[in-house]
Amino acid sequence: MAAATDDFGRKCEVKQNEALGRFVVAQCNLRAGETLLLEQPIVVVPHMGDRRCSKCFKLVQNFCRKCRLLVLCEDCSDHNSHNCQRLAEIELSEEQVKRLQEHPDIQPALKCLLLREHPETLPLYEEMTQMETHLATRKGTDIWKNYHEHAFAPLEECGVLKHLQREADEDQVQGLLSILDVNAFEIRAPEPGGSMRGLYRRAGLFAHSCMPNLVTAIDDERRIKVYANRFIAAGEILYNCYTNVLLGTEERRDILRVGKYFDCTCPRCQDPTELGTHMSSFICSHCSCPGGYIIRQPETGTWQCILNPDHTLKQEFVANILERAREEIFHARDDIYRLELLLAKLSRLLHRNHYLMLDLKQNIASILRQILQNIAHRPNKKVYERKIRLCQEILLVLKVLAPGISRMKAIALYELANTQAELARKQFSEQEQSGSDLLATLEQVEVMIRESLRMLLFEPLATPEGQLSRSMLRELKELQDDIKNIQESNDDVVDQ
């Protein structure tokens, strides 16, 4: 059963208006890092088309031998006994069972419908049905038709719905699936890189902004933690970010429009330069002086140069360039030489902070990390310096877009600090730097690691970031020992 801490009730107040629907404001002043909410999910479900074990959530194709409708892997002997028993009571022919098993999208619908079958979970179902559905907007759309064909129709035609305590019609089934689509959070799946969805009672109440004042973190037990990323004054609206902050404005707004059914009007979305980061800007080929960037005007949707409005780009050209660039990035992944060539090629068209340029820089930095971690590669100084420059460029953008406490900023800062320390040690061992130079660099690195740790220590322990913070604490102690030893060594040299 989903549980939330009392902090939410003491620190937050739920309000409602036409523009935001239900939203949350701070009832009192909140410190940076202060927790507002700890909450278990109402239900955990796979993404559309996936089949996951109802107990351990691994990707599998097997079904429970007793109820025959919910997925269960061979390593798990049972799942929710109430749900299993309830489904086992429904008399189905082998043909009907086979048809139902062919449609993965009945799994989320069944899990939600089963909440109202048991007294202990009925309150959760009732809270769930108060969440936003945008059902009227979805009717007749492709997603409505898909859910009709692969979820409602099989359940209805095989007689499952009429055997429930309260028979569900299509609007109810579609509404439950819509609630999941609109309100669920993406959470890590058991396999590396995999994801699934978790629906939470209160975490979804926070309004969206591309410049949020909240951070959400979901641990390995699928518990969500929501905390302030900066000081928040009493009465302020509390904002979460529903998208990736490192996407451009049009990409973020498209995701929100398609998945959440609203247009974002936050300060970042209203500013065509994205707070001066130019994450969506093109370079004006007609301007010879610096600052000639072509930006999208929010009022008209036209692409115009900042310095000379007569210099424009057609929307079709912009869309084509971006589509081709995304395709080339996809095919170049894991190939550092192709990625570097593509970065150089796109630098003639896109601002250095364009979100696709940042994507390339992150990919390259990730490959460089693997190269530097492999001693057999024997990387030279240029490899270290390249990674340092990339981390610095990414951090400059994150400092604007993610002020305050930020996971991404903390990790980028740690990557920068770690690489600078490794390079300094390498140069010292090869007698390219003095002990004083090494000491100065390591002292700078200590400051950066402390700042990174200050942000990551708010993450739950049972997350990759939480585990990283614990290993960083050990690294910080080792670094401080190194600094002390170098200081003593330098003092000895001076005394001699």
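Keep in mind that what you see is a predicted model, and the values were worked out from it rather than measured.

1. With respect to the sheet that holds strand β6 (residues 195-199)
Thought 1: Strand order in this open sheet of three strands is β4-β6-β5, and the pairing throughout is antiparallel. In this open sheet, the two edge strands, each paired with only one partner strand, are β4 (43-45) and β5 (185-188). Across the sheet, the mean angle separating the axes of adjacent strands is 40° when strand polarity is ignored.
Thought 2: Bridge analysis of β4 against β6 gives three bridges, and the strand direction is antiparallel. Bridging from a neighbouring strand, Val44 pairs with Gly198 of β6.
Thought 3: Contacts between helix α4 (residues 106-114) and the sheet are confined to β4 and β6, with β4 contributing the most and set at about 170° to the helix.
Thought 4: Taken strand by strand, helix α8 (residues 170-183) contacts β4, β5 and β6, and its axis lies near 110° from that of β6.

2. With respect to the nonpolar core
A general tendency of soluble globular proteins is for nonpolar side chains to be buried together.
Thought 1: Within the largest apolar cluster, 68 residues are counted, with the highest numbers of intra-cluster contacts made by Leu246, Phe282 and Ile449.
Thought 2: Among the secondary structure elements, those contributing two or more residues to this core are β13 (303-305), α11 (315-332), α12 (336-346), α13 (355-373), α14 (381-401), α15 (407-429), α16 (435-456) and α17 (464-495).
Thought 3: With residues near it in sequence (within four places) discarded, Ile449 still touches Ala417, Met472, Leu476 and Leu479.
Thought 4: Leu113, Tyr125, Leu176 and Leu199 belong to the second largest nonpolar core, which has 47 residues in total.

3. Digging into the pattern of salt bridges
Thought 1: Using the criterion set out here, one finds 34 salt bridges in the structure.
Thought 2: As a salt-bridge pair, Asp7 and Arg10 come within 2.4 Å of each other at their nearest N and O atoms. Pair noted here: Asp7 and Arg10 are both in helix α1 (residues 7-11), with a separation of three residues, about one helical turn.
Thought 3: For Asp7, a relative accessible area of 18% puts it in the buried group.
Thought 4: For Arg10, a relative accessible area of 53% translates into the label exposed.
Thought 5: Residues Glu432 and Lys381 are paired through a salt bridge, measuring 3.8 Å at the closest nitrogen-oxygen approach. Taken together, the positions of Glu432 in the loop between α15 and α16 and Lys381 in helix α14 put the pair 51 residues apart, joining distant regions of the chain.
Thought 6: You can call Lys381 partly exposed: its relative accessible area is 33%.
Thought 7: Several salt bridges converge on common partners, so that one network encompasses Lys11, Arg31 and Glu34.

4. As for the domain arrangement of the chain
Thought 1: Split by domain assignment, the chain resolves into domain 1 (41-199) and domain 2 (316-495).
Thought 2: With centres defined by C-alpha atoms, the gap from domain 1 to domain 2 works out at 42 Å.

5. A few points about the sheet that holds strand β11 (residues 282-283)
Thought 1: Taken together, the four strands give an open sheet; going across it, the order is β11-β12-β13-β14, and neighbouring strands pair in antiparallel fashion. Only two strands of the sheet have a single partner each, and these edge strands are β11 and β14 (312-313).
Thought 2: When strand β12 (residues 293-296) meets β13, the two strands line up antiparallel, connected through three bridges. Pairing of Ile295 across the sheet is with Gln304, part of β13.

6. Let's talk about the environment of Glu465
Thought 1: Along the polypeptide, Glu465 turns up in helix α17.
Thought 2: Assessed through its relative accessible area of 16%, Glu465 is described here as buried.

So, how was this worked out
Per-chain numbering applies: the sequence of each chain, read as written, is numbered from 1 onward. Totals for whole chains, interfaces and linings use all residues, but because this is a predicted model, local features are given only for residues with pLDDT of at least 70 and pairs of side-chain atoms are given and counted only at 80 or more. Excluding hydrogens and water, the side-chain values take into account all heavy atoms of the structure. Any two strands are treated as partners once DSSP identifies two or more bridges connecting them. Numbering of helices and strands runs from the N terminus, with a helix taken as a DSSP run of H or I at least four residues long and a strand as a DSSP run of E at least two residues long. Convention adopted: a line fitted to C-alpha atoms gives each axis, helices being fitted over their contacting stretch, and angles between N-to-C directions are expressed from 0 to 180 degrees. Contacts: residue pairs with any heavy atoms within 4.5 Å of one another. Only buried Ala, Val, Leu, Ile, Met, Phe, Trp, Tyr and Cys residues count toward a nonpolar core, and they belong to the same one when joined by side-chain atoms within 4.5 Å. The cut-offs for exposure are 20% and 50% of the maximum accessible area for each residue type, with area from a 1.4 Å probe on protein chains only; residues under the lower value are buried, those over the upper are exposed, and the others partly exposed. Definition used for salt bridges: Asp or Glu carboxyl oxygen within 4 Å of a side-chain nitrogen of Lys or Arg. What fixes the domain bounds is an automatic or database domain assignment.

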